[in-house]
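Now for the letters of each chain:
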Amino acid sequence: MKPNNAALDFKGVLLLIILCASWGFNQVAIKVAIESISPVLQAGIRSIGATMLVLIWMNIRRIPVLAKDNTLWWGIAAGLLFSLEFILIYWGLDFTNASRAVIFLNTSPFAVALGAQLFIPGEKLNKIQLSGLCLAFIGIIVAFNESLNLPTRQMLIGDVMLTGAAIIWGATTVVIKAGPLASIAPSKTLLYQLAVSAIVLPAVSLAFGEPGITSMTPLVITSLFYQIVWIAFITYIAWFWLISNYAVSRLASFTFLTPFFGVIAGAVFLNEQITLYLICALVLVGTGIYLVNRR
């Protein structure tokens, strides 16, 4: 295992790009399924399915689930943050569109960078790296300039929810990195979050009085499969492995790529137009990532 503040190598960069592409498309998958499954319940179904997969994975790999490693309360805290994050994401997507959602959700690196400065030794960013983060954020603003103009009140509600989710996402990453969860198997860290949210999310859905499942089409089933198997199981295990082996603040800078993969998915599946703003933004984001990851 690499030191957990190691610089990114080729393997880390490649894996991050795959994860960002997957997460960018995930917003489209959620939006499609919301028409047939209530948002918070949909998040709960995802957590329940992924919890089962992680338990099977840990059993196959003989990773102890109930080992006494002093991580229980840290794990519950991370799980509660995870639950709140996805309540805001799924519910927020019921108010705003996927293109707007990805820009606000992916402001999380700023929360991670701030938290890392305060709570994680060895995670300090210099001025050049901070300017890289700011440059990448400007790139996202440029890319979504058109959709940020004159939002409706309903969209503003969704925007606030997604911004809150981004802050909580960053806080969850810092909690995992700063405490004992960083020293245990990534699959157990993921299990804490999924298991807690598998209990919390359906209960919140019931409390909200959501209508639940109104229809199950092949497209909705495919969306759930993608969210449960690929996103909540495979990519999350990969992400927790990354934050156990590399500097969090540098990993966080790559999440700025996620909105652009989301835009590509929107163009392919939702017929959204890719404009000159996006091309300019890609240059800004690429430059920002280079500056943040300078050795």
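Our subject is the structure that appears above.
Because the structure is predicted, anything quoted here is derived from the model rather than measured.

Reading the values: the criteria
- Residues numbered from 1 in each chain as written.
- Predicted model: local features only at pLDDT ≥ 70, side-chain atom pairs only at ≥ 80, totals over all residues.
- Heavy atoms only, no water.
- Helix = DSSP H or I, 4+ residues; strand = E, 2+ residues; numbered from the N terminus.
- Rg over C-alpha atoms; globule rule 2.2 N^0.38 Å.
- Buried < 20%, exposed > 50% of the residue type's maximum accessible area, 1.4 Å probe, protein only.
- Contact = heavy atoms within 4.5 Å.
- Areas by Shrake-Rupley, 256 points an atom, 1.4 Å probe, with all protein chains shown as cover.
- Lys, Arg positive; Asp, Glu negative; His and termini not counted.
- Charge placed at Lys NZ, Arg CZ, Asp CG, Glu CD.
- Phe/Tyr/Trp six-rings, centres within 6.5 Å; stacked < 30°, edge-to-face > 60°.
- Lys NZ or Arg CZ within 6 Å of the ring centre and 35° of its normal.
- Expected span 1.5 Å × (residues − 1).
- Polar contact = N/O pair within 3.5 Å; in protein donor to acceptor, adjacent residues only side chain to side chain.
- Core = buried A, V, L, I, M, F, W, Y, C linked by side-chain atoms within 4.5 Å.
- Salt bridge = Lys/Arg side-chain N within 4 Å of Asp/Glu carboxyl O.

A. Inspection of the overall build of the protein chain at higher detail. Along the backbone of the protein chain there are 12 helices and zero strands. Put simply, the protein chain runs from its N terminus to its C terminus through helices and strands in the order α-α-α-α-α-α-α-α-α-α-α-α. The globule rule puts the C-alpha radius of gyration for 295 residues at 19 Å, and the 18 Å found for the protein chain is close to it. For the protein chain, the residues scored as buried account for 53% of the 295 residues in total. Residue pairs in contact within the protein chain that sit at least 24 positions apart in sequence constitute 90% of those at least 6 positions apart. Summed over its atoms, the accessible surface of the protein chain is roughly 13,400 Å², and 71% of this surface lies on carbon and sulfur atoms. Side-chain charges in the protein chain split into 16 positive and 10 negative, and the spacing between the mean points of these groups amounts to 14 Å.

B. Structural detail: the packing of aromatic side chains. In total, this model carries 12 aromatic pairs according to the counting rule given. Consider the rings of F82 and F86, whose centres lie 4.6 Å apart with planes at 50°: the pair is tilted. Placement of the pair is F82 and F86 together in helix 3 (residues 72-92), with a separation of four residues, close to one helical turn. Judged on exposure class, the residue F82 and its partner F86 are both buried. Relative to Y90, the ring of F86 lies with its centre 6.2 Å away and its plane at 50°, an arrangement referred to as tilted. A residue pair is termed a helical-turn pair when its members lie 3 or 4 positions apart in one helix, as F86 and Y90 do in helix 3 at four residues. Comparing F86 with Y90 shows no difference in burial state: the two are buried. Aromatic ring contacts, followed pair by pair, group F82, F86, Y90 and Y236 into a single cluster. A cation over a ring is seen here: R46 above F86, with NZ or CZ 4.2 Å from the ring centre.

C. Geometry of helix 2 (residues 39-60). With 22 residues, helix 2 extends 32 Å between its outermost C-alpha atoms, agreeing within 8% with the 32 Å of an ideal straight helix rising 1.5 Å per residue. One or two residues past the end of helix 2 sits R62, with phi positive at roughly 55°.

D. Quick look at the side chain of Q227. Along the chain, Q227 turns up in helix 9 (residues 218-245). Side chain to side chain, Q227 and Q42 meet in a polar contact 2.8 Å long. Q227 has contacts with N26, A29, I30, A33, Q42, R46, Y90 and A232, leaving out every residue within four places of it along the chain.

E. Representation of the nonpolar core within the structure. I89, Y236, W239 and L251 are the most contacted members of the largest nonpolar core, which totals 66 residues. Among the elements that make up this core, the one with the highest residue count is helix 9 (12 residues). Ignoring anything within four residues of it in the chain, the contact list for I89 reads Q27, I30, L105, L162 and A165. Core analysis: the second largest hydrophobic core is formed by five residues, A33, I37, V220 and L224 among them.

F. Representation of the pattern of salt bridges within the structure. Evaluation of the coordinates by the stated rule reveals one salt bridge. One salt bridge in this structure joins K188 and D69, with 2.8 Å as the shortest N-O distance. Within this pair, whereas K188 is found in helix 8 (residues 186-208), its partner D69 is found in the loop between helix 2 and helix 3, the two being separated by 119 residues in sequence. On the accessibility criterion, D69 (25% relative accessible area) is partly exposed.

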